[in-house]
Amino acid sequence: MSTAVAPKLDIQKIRKDFPILEQKVNGKPLIYFDNAATTQKPKQVIDAISEYYEGYNANIHRGLHSLAEKATTAFEDSRKVFHKFINAAEVEEVIFTRGTTDGINLIANAYGRKFLQKGDEILITAMEHHSNIVPWQMIAEEKGAILKVVPVNAKGEISLDEVEKLITDKTKIVSVVYASNSLGTVNPVKEIAKLAHAKNAVMVVDGAQASSHCKVDVQDLDCDFYATSGHKMYGPTGCGILYGKRAILEEMTPYQGGGEMINNVSFEKTTYNDIPYKFEAGTPNIADVVALKHAAEYIDSIGKDNIMAHEQALTRNAHKRLSEVPGIHFYGTAEDKVSVVSFTIDNVHPYDAGMMLDAKGIAVRTGHHCTQPLMDHFGIEGTIRASFSVYNTIEEIDFFADSLKDIVAKFS
Amino acid sequence: MADNTINTKQDEIIEQFSMLDGDMEMMIGYLIELGEKLPEMPESLKTEDNIVKGCQSKVWLTAEENDGKLHFQADSNTAITKGLVSLLVSILNNGKIDEVLNADLYFVHKIGMNRFIGTQRSNGFLSMIKQIKMYALAYKTKLENEA
């Protein structure tokens with residue numbers, strides 16, 4: 001298995017791009033397996049933030065001076081890069097947000113509030129992150145709409161037949177996670193979009209986990225919205241993008257008012273700016289958006305296919321090695337999954353395992369992963385989750401599996 | 001003096017931890033061992049009312065008063081947290097109400113608890129201490145009212 005990595009990638013060279021990986025934690029070399037929570041950042045991204053603040057920090061869009069011009073250009077360059085990164089039809093369809101949660105809240109408030117009526121239905125799945133549940137619950141409560149949920153099977157997959165059954169003439173919004181953060185399952189969002197459109201519902205894709213692990217082509221997926229976060233794809237925290245089809249974005253009414261988003265303001269009436277600006281009220285997170293471009297370029301420089309091949313090899317290896325751990329139970333064994341391995345171990349509480357792994361320098365996540373309904377479905381409080389990224393190695397997984405065996409031995 | 005007993009026990013724990021030399025794995029191992037030594041808590045006491053609020057893990061803690069001394073029982077659903085609560089029980093068990101109420105638990109700082117269990121667990125640990133002091137205060141008030 002140790003040779004099962006994509007031949008093109010020099011992982012040791014890639015690791016040198018991530019300064020944080022050089023450190024020791026609790027006296028042991030850091031093994032970072034909490035990538036589904038947030039990935040580490042390459043120095044290209046870190047440097048871009050410093051360069052912005054050291055070289056051309058200025059408020060964007062209206063300033064006439066040179067720094068403002070430079071900052072505006074860098075900010076809008078990032079939009080252009082993301083337009084290509086997700087293959088949007090137009091640059092203006094890319095809105096900068098604080099992240100996926102912010103993007104979904106924007107849809108719920110700017111689309112949902114305008115178009116949902118009493119008795120309308122919103123369809124999600126049982127594996128959604130709280131950020132793709134709660135905004136819909138809030139708007140459903142306000143508008144008298146109904147939230148319906150597609151169940152998951154024992155492998156952590158949904159069935160298209162179930163989705164088709166649950167989409168009715170009343171369904172106005174279908175919102176599905178592309179890649180599950182707790183299970184790794186990749187959902188057939190393209191097929192779900194077809195089913196949604198057949199009933200004239202809009203299709204929202206929660207792409208928080210997918211953007212660094214899956215091919216993202218919003219025109220091919222034919223989704224109406226795609227929300228994602230920068231920090232899960234080697235970019236900074238606190239910034240992300242929301243893609244929306246132009247025709248739909250233009251019909252929507254902004255829910256946050258302020259500077260930037262207006263065309264003309266008088267005390268009698270305000271007219272809104274064009275898309276995307278009408279959804280970008282206030283001074284945005286300029287430095288991080290500028291740096292986010294470098295994250296997308298970093299992914300492209302390695303090649304997403306190469307990244308995916310490496311991560312798939314790591315995931316297969318992890319399943320194989322972890323199967324040796326006595327009393328282990330996997331959650332999320334879908335045919336199509338990203339590099340997330342979620343599990344419990346008999347007689348070992350996830351919190352204990354997490355802390356004991358930390359003592360060995362291994363960072364994993366334990367708990368419900370913001371998917372409590374999914375944990376309830378499986379009848380568990382939480383799992384131990386290891387999630388891999390391009391800089392992880394087979395050797396790290398070997399050490400992880402051996403460490404878990406040691407931990408289990410301490411409890412037996 | 002019984003207060004010295006509390007401090008003697010604290011000093012023993014500080015001594016034990018100092019021998020672990022800041023090694024996180026050894027400290028966790030030591031805590032788990034301590035938790036295993038904690039007398040079993042009857043299932044009937046593991047009620048919602050006896051759960052210490054503010055802990056990430058489930059921690060049950062009860063106190064009984066006998067002859068002016070407090071007797072604690074505790075358990076947790078995680079081994080490390082059980083070790084943490086057992087530290088408190090071993091130090092404060094059979095302490096007089098006033099001693100428990102006024103105990104200066106300097107061992108927490110001395111062993112660098114915050115550093116090795118992290119902020120969230122430290123907050124949980126402080127919640128356990130607070131709960132113990134609340135029990136002591138409640139029994140003090142009860143006994144004073146009865147007197």
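First, a word on scope: everything that follows refers to the structure included in this document. (Residues numbered from 1 in each chain as written. Chains lettered and ligands numbered in written order. Predicted model: local features only at pLDDT ≥ 70, side-chain atom pairs only at ≥ 80, totals over all residues.)

Once that is clear, we can look at the overall build of chain A. Across its full length, chain A carries 14 helices and 17 strands. The principal-axis extent of the C-alpha atoms belonging to chain A is close to 75 × 55 × 35 Å. With 412 residues in all, chain A has 51% of them scored as buried. (Helix = DSSP H or I, 4+ residues; strand = E, 2+ residues; numbered from the N terminus. Buried ≥ 20, exposed ≤ 12 C-beta atoms within 10 Å, placed from the backbone.)

This part is about the interface of chain B and chain A. Often the size quoted for an interface is simply the accessible area lost on bringing the parts together. Taken residue by residue, the interface counts nine residues in chain B and eight residues in chain A. At the level of elements, α2 (24-37) and α3 (79-92) of chain B are the ones that each hand at least two residues to the side of chain B that touches chain A. Residue composition of the side of chain B that touches chain A, grouped by class: four nonpolar, four polar and one charged. (Contact = placed C-beta atoms within 7 Å. Nonpolar A, V, L, I, M, F, W, Y, C, P; charged D, E, K, R; others polar.)

Now for the environment of A:Pro236. Residues and elements named next belong to chain A. Mapped onto the fold, Pro 236 is located in the loop between β9 (225-229) and β10 (240-244). The class for Pro 236 is buried, based on 24 C-beta atoms found within 10 Å. Each residue touching Pro 236, except ones within four places of it in the same chain, is listed here: Lys 41, Val 45, Ile 49, Gly 230, His 231, Asp 288, Ala 291 and Leu 292.

This part takes up the sheet that holds strand β14 (residues 340-345) of chain A. Residues and elements named next belong to chain A. One open sheet holds the four strands; their spatial order is β13-β14-β17-β16, and the pairing between them is antiparallel. In this open sheet, the two strands that pair with only one neighbour each are β13 (328-331) and β16 (365-367). Each neighbouring strand pair of the sheet contributes to a mean axis angle of 30°, computed without reference to strand direction. Here helix α11 (residues 304-322) sits on the sheet and contacts β13, β14 and β17 (383-387); the angle it forms with β14, its principal contact strand, is near 15°. Helix-sheet contacts for helix α12 (residues 350-359) involve β14, β16 and β17, and the interaxial angle to β16 is about 160°. (Pairing = 2+ DSSP bridges. Axes fitted to C-alpha atoms, helices over the stretch in contact; angles between N-to-C directions.)

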